[in-house]
Every structure is written in structure tokens, then in C-alpha cells.
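Structural characterization, general
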Amino acid sequence: MTYTVTKLRSYSAAALDKAVRELLSASDQESQAVRSEPDWKALRDRWMARKNGILTSINDLWLKPAPKEAKRDVGQRVNEIKAQVKKDLENGRKLSTNHPIRDEHSSTAVADIPVDITLPGVHRPIGAEHPVIKTMHEMVGVFQRLGYSVADGPVVETDYYNFEALNFPPNHPARDTQDTLFIAGQQAKPQRERLLLRTHTSPVQIRTMEKMRPPIRIVIPGPVHRNDPPDASHSPMFHQIEGLAVDTNITFGDLKGTLDHAMKEFFGSSVKTSFRPSFFPFTEPSAEMYVSCFICGGSGQRGAEPCRPCKQTGWIEILGCGMVDPNVFEFVKDNGYDPKKVSGFAFGMGADRIALLKYGVDDIQLFFQGDVRFLGQWA
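All figures in this text were calculated on a predicted structure; none of them were measured in a lab.

1. Digging into unusual backbone geometry
Both trends apply: most residues other than glycine have a negative phi, and most peptide bonds are in trans. At the junction of Pro-214 and Pro-215, the peptide bond is cis and its omega measures out at 5 degrees in the coordinates. Glu-284 connects to Pro-285 through a cis peptide bond whose omega is 0 degrees. Looking at the element boundaries, Pro-285 is found in strand 8 (residues 283-292). For Asn-167, which is not glycine, the phi torsion reads 70 degrees and is therefore positive. Looking at the secondary structure, you find Asn-167 in the loop between helix 6 (159-162) and strand 3 (181-182). Its relative accessible area of 17% is what places Asn-167 among the buried residues.

2. A look at the side chain of Asp-352
Mapped onto the elements of the fold, Asp-352 is located in helix 10 (residues 351-359). Although buried, Asp-352 forms no salt bridge, and the nearest oppositely charged side chain, Arg-353, lies 10 Å from it.

3. Considerations on the sheet that holds strand 4 (residues 195-197)
The antiparallel open sheet is built from three strands, whose spatial order is 2-4-3. Edge strands, defined here as strands with exactly one partner in the open sheet, are strand 2 (156-158) and strand 3. Looking at chain direction, strand 3 and strand 4 are connected through two bridges and run antiparallel. Bridge assignment links Phe-182 to a residue of strand 4, and that residue is Leu-196.

4. Observations concerning the packing of aromatic side chains
This structure, assessed with the given rule, holds 14 aromatic pairs. Between Phe-143 and Phe-347 the ring centres are 4.9 Å apart and the planes differ by 25 degrees, which places this aromatic pair in the stacked class. One end of the pair, Phe-143, is in helix 5 (residues 131-144); the other, Phe-347, is in strand 12 (residues 343-350), and 204 residues separate them in sequence. The class for Phe-143 is buried, based on a relative accessible area of 0%. Between the aromatic rings of Phe-252 and Phe-275, the centroid separation amounts to 6.2 Å while the plane-to-plane angle is 75 degrees, which identifies the pairing as edge-to-face. One end of the pair, Phe-252, is in helix 8 (residues 252-267); the other, Phe-275, is in strand 7 (residues 273-280), with 23 residues separating them in the sequence. In this structure Phe-252 comes out as partly exposed when scored by relative accessible area, which is 24%. Directly above the aromatic system of Tyr-290 lies the positively charged group of Arg-276, at a separation of 3.9 Å from the ring centroid.

Rules used throughout
- Residues numbered from 1 in each chain as written.
- Predicted model: local features only at pLDDT ≥ 70, side-chain atom pairs only at ≥ 80, totals over all residues.
- Heavy atoms only, no water.
- Helix = DSSP H or I, 4+ residues; strand = E, 2+ residues; numbered from the N terminus.
- Buried < 20%, exposed > 50% of the residue type's maximum accessible area, 1.4 Å probe, protein only.
- Lys, Arg positive; Asp, Glu negative; His and termini not counted.
- Salt bridge = Lys/Arg side-chain N within 4 Å of Asp/Glu carboxyl O.
- Pairing = 2+ DSSP bridges.
- Phe/Tyr/Trp six-rings, centres within 6.5 Å; stacked < 30°, edge-to-face > 60°.
- Lys NZ or Arg CZ within 6 Å of the ring centre and 35° of its normal.

What is shown is where atoms sit, not what they do.
See the structure below:
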């Protein structure tokens, strides 16, 4: 008959000793009866299971209801019981290996059957690229084929690189739009040295220009953080892809030609691009770029239904861009970026948003919840 834990009627030393003896005797007898691996696993689960195992029941039925003056004594005995039960289980495991399972139709032990080592091993499924990372790699690949190099930088940034060197002076109202997450305990530092989670990948532009003299052409993929409440279209962590090109005589026409080519290669040769005026502190002039809706073909309709991704306009906003503001070059002027001699353009887009559009997903949170049923669609 298997052992069952019962409530203690008395917490006297004699009653405790008797209860412990009965439990340990049962543990020893059950472990000695093990004859196979399934026997041992069943024994282990019966005694060690977190929800309804015997050791868990001891805590619930002996230790928790014990009066205050007896808790220490009961706790010590429970610890001794757990240590002994683990030893009994180890002995049971040894017994299981000494009694291999035998085929009911053969007297030969399975352990004695020779193994053909030339047979293929156990196949372990290999995961697939996350749709956001896949989108980033595809877009970065477009610019790499145009001669751009990939640059990277820290996610925890200083105020100087995230704001000041990008033409966001202290107290500039454009800082408010960034919804910045600041690191705690930075008040004693000068403002430009205070740490934060970068709100865009643009700080890498400054870091790269500090290290490399012009001409440069870089593309910068990576995660960024902003204090956005999570919903179907917002997340406090998302991904950006930025680009920067600096040389002599670069014009807005070069920017338009580069981005038009990139969008056609990524979305298909039939898409059109449109540029509309905007504002960004680190570019002047600045623009937002739209592409003709690659879902409805720019018609605004999907059969008899309106096209939701483009809101029936036939255009989808993809990125922000512009010519690098001369004030930005002033911060790296000593490394060859004299605004009177060089010019450049920059652009930035949200990889998560592009992935939403490309794969027809209507909730950005699905990208971050780790549900393999959802992610497995791209395996």
C-alpha cells in the first residue's frame, strides 16, 4: 500500500518522530521496489511533483498549520525528510539501471541490442527568422547592394549623442515628441552626460562620423525605445533602419533617386514614391516619403472593400528623410565634415511597421509575444 500524507493530530516530539519514521520507511520501501526507468519516473513524480507531490503535501499538512512554537522543530524535520527522500530516489535510479526493460516477445534486453551508428540522428527543428528581423535584413540588403556599410551603436545612450549633437538643444520642444525613457539616478551629471534608452538609431550617425572621415554611406538597423503604451500599432520597443550618405555635392535629387530605387527593389518595380514636406531637427529640408499602396495597387480599393492599410488614399507613409542640417556637421567639423564643403542626406524608417504592412499583420504586439503558432507561419 502506497504512502499517503495525513494531518498531524499532535506536534509533540513523540508524534513527530513517529510520523517521520513512517514516511521515511515508506520512501525506502518504494525506492527499493523500483525495477525500470518508468517505475523510477513514477516514483519521482509521486514524491517530488510541485503541485501534489508528497514533499509538497508535507509542507501543506505539517509545516504550515504547525503552531508557532513548533514550526522550527517541524521545519528541521521536513528538511531532513527531503534530504533522505532525495537519497532514496537516487538509490531507486540505480536500481532502475540494473533492471533494464525487456521486450515481452524476446528475452534479450533492449540495452543489449546493437546500435547502428550510421543511421541519421534525432532531427531537431531549426527555428526561422523573426518576421521583423527578416524585414530588417531584406531592407539592409537593398542598401548594401548600393554600396552602403552596416553600422551599429549602443542602445543605452547619452543625451549628447541622442539629442544635442543631432540639433536638439536643451529644452527644445522637439525633444518632447521623442517620449524618452531616462535611466534613473542621473540628475547629478551634466545634462549631456545623462543616460537614456536611445529613441532612434540616429546617434550612430554622429558616432560614425566621429570615427570616419567623409565620404561615408552607412545603414543602421537596431532596436530603439520610447515611452509608448503598447497597443495594436505602438510598442515601447521597436526597430528602426536609418541611412546616412555624406560626400561633396550630394543633393536632394540623390536622396530621391536612392530611396525610389530602394522602395522599388523592396516592394516591387511597380510602386511609385511621393515626397511631402515635414520637419526633423537634424535635417533641412525634411520630408516624409510615401509609396503607392502595394496592396491595392494605389487604387484605395480591394475589390468591393476599402483598402485599410492605405486608408483608401492609395498611398502609405514609409519613412522620414531630408538633407543633413549644417548644424549637425558642426559637431563633427574637425573630422572633415565642414558644412561648407560637404553635404549629405539621411533617412529613417520603422522596420516593425514595414513588416506589419508586408505580412498583413494587424497587431504589432504579435511580434513580441513569442507565440510560436504565430511565428511559425514564417518558418
